Amino acid sequence: PEKELVPYPRAPRGNGRGRPLPEVEARFQAMKEVRNRHAVALGIERGTLLPNWALQALADDPPSTRAEFEAVEGIRRWQAGIVADDLLETLKKTG
């Protein structure tokens, strides 16, 4: 009988996270601008300075101190040394 048929399992689409909340998106965009300015000034690729996944992690769970910023998995000390203070200031402004 048709009622006993099990549907074919579907693979999840995307990363499963869905669209971020507006305030998270605002933090992410503001931090991208700061990151991009630093990258241009240094003459390096934006993603080399700080990849988007790292910015998204910071936007999702914003640190309030330099130590919390540096504790985000995958962020290296040299990256934090360049952008941490400006990004923390941006996070304070954007909430």
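The model shown is predicted, which means the values in this text are computed figures rather than measured ones.

Brief notes about the side chain of R27
Okay, step 1: By the element assignment, R27 lies in helix α1 (residues 22-42).
Okay, step 2: Although buried, R27 forms no salt bridge, and the nearest oppositely charged side chain, E23, lies 6.1 Å from it.
Okay, step 3: Looking at R27, its side chain comes within polar contact range of the main-chain oxygen of A59, at 2.8 Å.
Okay, step 4: The residues contacting R27, other than those within four sequence positions of it, are A59, D60, P62, L91, T94 and G95.

Describing the environment of L58
Okay, step 1: Among the secondary structure elements, L58 is positioned in helix α3 (residues 52-60).
Okay, step 2: When its relative accessible area of 0% is taken as the criterion, L58 is described as buried.
Okay, step 3: As a C-alpha pair, L58 and P22 span 36 residues in sequence and 15 Å in three-dimensional space.
Okay, step 4: Residues in contact with L58, not counting those within four places in the same chain, are M31, L50, P63, F69, V72, I75, L87 and L91.

Thresholds applied
Residues numbered from 1 in each chain as written. Predicted model: local features only at pLDDT ≥ 70, side-chain atom pairs only at ≥ 80, totals over all residues. Heavy atoms only, no water. Helix = DSSP H or I, 4+ residues; strand = E, 2+ residues; numbered from the N terminus. Buried < 20%, exposed > 50% of the residue type's maximum accessible area, 1.4 Å probe, protein only. Lys, Arg positive; Asp, Glu negative; His and termini not counted. Salt bridge = Lys/Arg side-chain N within 4 Å of Asp/Glu carboxyl O. Polar contact = N/O pair within 3.5 Å; in protein donor to acceptor, adjacent residues only side chain to side chain. Contact = heavy atoms within 4.5 Å.

So, to be careful, I would describe these as geometric facts and stop short of saying anything about function.
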